[in-house]
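Topology and contacts: notes
Each chain is listed here by its residues.
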Amino acid sequence: MTYNQEYLISIIQDRIEESINLEFKGAGALERQDNKVKEISKDISAFANSAGGIIIYGLKEDNINKHLASSIEPIERKLISKEWLEQIIQSNIQPRIEDIQIYPIEIDGDVEKVVYLINVGKSSTAHQANDHKYYRRYNFISVPMNDYEVRDVFNRPKHPKLLIEFEIWYNEFNGTREYRLLTFAKNAGVVLCNYINCYIMFQTKRLKSEHIPSSTQMSEFFGDNTVRDIVDVKMTMPGQPPIYKYGPSRFDPLLPRLRTKLDTKEIILNHYYRDENSQIEWTVYGDNAEPTSGIIGFRDIPTIWK
């Protein structure tokens, strides 16, 4: 799924209704006021405590047909930044929500006019809003949870909960800068994960020309957590590197709250990779857990000199 202005327009034109997994909020819901911050923590924690879902700030509800979006109502990016919104969410909900992505969607090509789409994953624990209450989604609203419901959420952890993170490492060779995309899996749950399989996909034109695998518009790459241990080292002639003997491939288990670099084919990007709204779509599978998917813009990936 690509989150852009066309996606927002399709919600309005197709008369997509709010549900347990989808909610619309007008621009006025994001303000630097205590009562609005309280509502943000309440709504976001309710999604995490339930089945997860999407909340969109900047879609105005229809005055007559409730639970339908009537128009796009952009938010001033200078007043409400993505960083501010993320800080408000994470500092007013306990414990922190690990599986959450914030997508600023630019409206009419204006970088200062945005709609914020927040994708919240189903959590493996219960999260408390800043009023010290626990909430869940019920039909179209967020409601306080009963004691037994809170206990049920705390008893959820049976499978690992995986997220995918990216880094772009760059350096220079003979005056030419090279960008390499690295993929990491993070275990945000409390259960060890043995097997990890990940698929990532983005526009082929983001690749450096000599690394383009095909003529298709989209390129897909696979990564997993396999490693090969060195079982023997044979010394060679003086001044020459040793010869390493490797054992068979095995999966390297990922402990809770840690992350590991996935074994993927080397991905070299061109220097236009951050253009426009270029983004990566990913899906990760781990043990018997439900697959998790997400989208991240190239602009939001940290760039590190290596």
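Residues numbered from 1 in each chain as written. Predicted model: local features only at pLDDT ≥ 70, side-chain atom pairs only at ≥ 80, totals over all residues. Heavy atoms only, no water.

1. Here's the deal with the state of the cysteines
Applying the stated criterion across every chain, the model contains zero disulfides. Among the cysteines around Cys193, which has no disulfide bond, Cys198 carries the closest sulfur, lying 12 Å off. For Cys198, a relative accessible area of 1% puts it in the buried group. (Disulfide = S-S within 2.5 Å. Buried < 20%, exposed > 50% of the residue type's maximum accessible area, 1.4 Å probe, protein only.)

2. Things to note about the sheet that holds strand S17 (residues 263-264)
In sheet architecture, strand pairing relies on hydrogen bonds along the backbone and comes in two forms, parallel and antiparallel. Spatially, five strands are ordered S17-S13-S12-S19-S20 in an open sheet, and the strand pairing comes out antiparallel. A strand with exactly one partner marks an edge of an open sheet, and here the two such strands are S17 and strand S20 (292-297). Pairing of strand S12 (residues 196-203) with strand S19 (residues 279-286), which is carried by six bridges, proceeds in the antiparallel orientation. Of the residues in S19, the one forming a bridge with Ile196 is Gly286. (Pairing = 2+ DSSP bridges. Helix = DSSP H or I, 4+ residues; strand = E, 2+ residues; numbered from the N terminus.)

3. Quick notes on the pattern of salt bridges
Counted according to the given criterion, the structure contains 18 salt bridges. Its salt-bridge partner being Glu98, residue Lys186 comes within 3.1 Å of it at the nearest N-O pair. Of this pair, Lys186 sits in strand S11 (residues 176-187) while Glu98 sits in the loop between helix H3 (82-92) and strand S6 (100-107), and the two are 88 residues apart along the sequence. Between Asp99 and Lys161 there is a salt bridge, and its shortest N-O distance comes to 3.6 Å. Of the two residues, Asp99 is situated in the loop between H3 and S6 and Lys161 in the loop between helix H4 (147-154) and strand S10 (162-173); the sequence distance between them amounts to 62 residues. Overall, Lys161 belongs to the buried group, its relative accessible area being 15%. (Salt bridge = Lys/Arg side-chain N within 4 Å of Asp/Glu carboxyl O.)

4. Concerning the pairing of S20
Looking at chain direction, S19 and S20 are connected through six bridges and run antiparallel. Among the inter-strand pairings, Gln279 is bridged to a residue of S20, identified as Gly297. Linking two consecutive strands that pair antiparallel, namely S19 and S20, is a turn of five residues; a positive phi of about 50 degrees is found at Asp287 within it.

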